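Summary of structural features
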Amino acid sequence: MTKKQVSDFTMMKGSQPITMLTAYTCPVARGLQQAGVPVLLVGDTVGMVEMGFDSTRQVTLEHMEYHIGAVRRGAPDTHIIGDLPYRTDRDPDTALASARRLLAAGADSVKLEGDKYAVIAHLVANGIDVVGHTGLLPQTAKGFAKVGRRAEDAQRIREEAQGIQGAGAFMLVMEHMPYDLAGEITAALRIPTIGIGAGPDCDGQVLVINDALGLGDYWPPFSKQYARVSDSIADVAKAFSREVETREFPNNIIRMTGSRG
Ligand code: KIV
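Now for a look at the structure at hand. (Residues numbered from 1 in each chain as written. Predicted model: local features only at pLDDT ≥ 70, side-chain atom pairs only at ≥ 80, totals over all residues. Heavy atoms only, no water.)

Moving on: the overall build of the chain. Looking only at helices and strands, the chain has 11 helices and 8 strands in total. The globule rule puts the C-alpha radius of gyration for 261 residues at 18 Å, and the 20 Å found for the chain is close to it. When its C-alpha atoms are laid out on the principal axes, the chain stretches across 65 × 35 × 35 Å. When the 261 residues of the chain are sorted by exposure, 48% land in the buried category. Residue pairs in contact within the chain that sit at least 24 positions apart in sequence constitute 58% of those at least 6 positions apart. Of the accessible surface of the chain, which amounts to about 12800 Å², a share of 54% is contributed by carbon and sulfur atoms. Distance between charge centres in the chain, computed from 27 positive and 31 negative side chains, equals 4 Å. (Helix = DSSP H or I, 4+ residues; strand = E, 2+ residues; numbered from the N terminus. Rg over C-alpha atoms; globule rule 2.2 N^0.38 Å. Buried < 20%, exposed > 50% of the residue type's maximum accessible area, 1.4 Å probe, protein only. Contact = heavy atoms within 4.5 Å. Areas by Shrake-Rupley, 256 points an atom, 1.4 Å probe, with all protein chains shown as cover. Lys, Arg positive; Asp, Glu negative; His and termini not counted. Charge placed at Lys NZ, Arg CZ, Asp CG, Glu CD.)

What follows deals with the nonpolar core. One finds Leu123, Met171 and Ile185 to be the most contacted residues of the largest nonpolar core, which totals 64 residues. Setting aside residues up to four positions removed in sequence, leucine 123 forms contacts with Leu84, Ala95, Leu96, Ala99, Val110, Leu112, Ile128 and Val130. (Core = buried A, V, L, I, M, F, W, Y, C linked by side-chain atoms within 4.5 Å.)

Taken together, Thr22, Leu41, Gly43, Asp44, Thr45, Asp83, Lys111, His133, Val173, Glu175 and Ile196 make up the full set of residues near the ligand. Interatomic distance of 3.0 Å between a side-chain N/O atom of aspartate 83 and an oxygen atom of the ligand. Coverage of the ligand by the protein amounts to 97% of the 260 Å² it exposes when considered alone. When grouped by side-chain class, the residues that make up the shell around the ligand number 3 nonpolar, 4 polar and 4 charged. (Near = heavy atom within 4 Å. Polar contact = N/O pair within 3.5 Å; in protein donor to acceptor, adjacent residues only side chain to side chain. Nonpolar A, V, L, I, M, F, W, Y, C, P; charged D, E, K, R; others polar.)

The next point concerns the pattern of salt bridges. It is possible for side chains bearing opposite charge to pair when their charged atoms get close. A complete count under the given rule lists 11 salt bridges for this structure. The shortest N-O distance in the salt bridge between glutamate 62 and arginine 101 comes to 3.0 Å. Of this pair, glutamate 62 sits in helix α4 (residues 61-74) while arginine 101 sits in helix α5 (residues 92-105), and the two are 39 residues apart along the sequence. Taking the shortest distance from any N to any O, the salt bridge between aspartate 108 and arginine 72 comes out at 2.6 Å. In this pair, aspartate 108 sits in the loop between α5 and β4 (109-111) while arginine 72 sits in helix α4, placing the two residues 36 residues apart along the sequence. Put simply, Lys3, Arg72 and Asp108 are held in one network by salt bridges that share partners. (Salt bridge = Lys/Arg side-chain N within 4 Å of Asp/Glu carboxyl O.)

Printed below as a string of structure tokens:
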């Protein structure tokens, strides 16, 4: 598989739906690359789904560098987007220094939330490919309710999407917003939109990998579980405990391999 470039994603708009999944670790990234997923997002959701924080705001640049490095080692030929953590994009120069660290860790492009047009324009002017994010913005939202239901919120999101495209972003994530609004914005923009809880009319869809795997104890209503990995972990741990307690393990692997160490 050859790594997708920005121009590939632009060409996919309107012709081929774009699959995106988040990834945080090397073995999961390896599996996603093997499956041919064209773009991985090392999202700051890592803080909630992997690190046990109660928001994405506790995530630091150091955390992101660690996880981007792991994902890059697992998926050397896949486009990787690195999320800029909370406030590391607070002004154009801070954002540029932060983005350079994520690229040095292995990202191909960076994502940031909201209407930071001057920041996006500064990153793009310095050769950095940027993904925008509108709708629900977890770094600053008070809760996880759908946004854009009221006419004035919908209008703000429309303007934000246009502003993000105008500032030079090459892709836009749209999170937890009315489906018809997401469809309208997708039709109005040149750049591809990737939805999460934004309905069927986006140019692509993203899921948090832990949600898709069923690895966790809470899954947003718009996510889908394709497996039940949390149940498998409990089953494996119970099977191992039983075999340790009955001394079946490691005798059963010694019998299988013939090795006594
Ligand atoms: O951080 C993240 O994983 C995200 C997705 C929810 C799109 O921004």
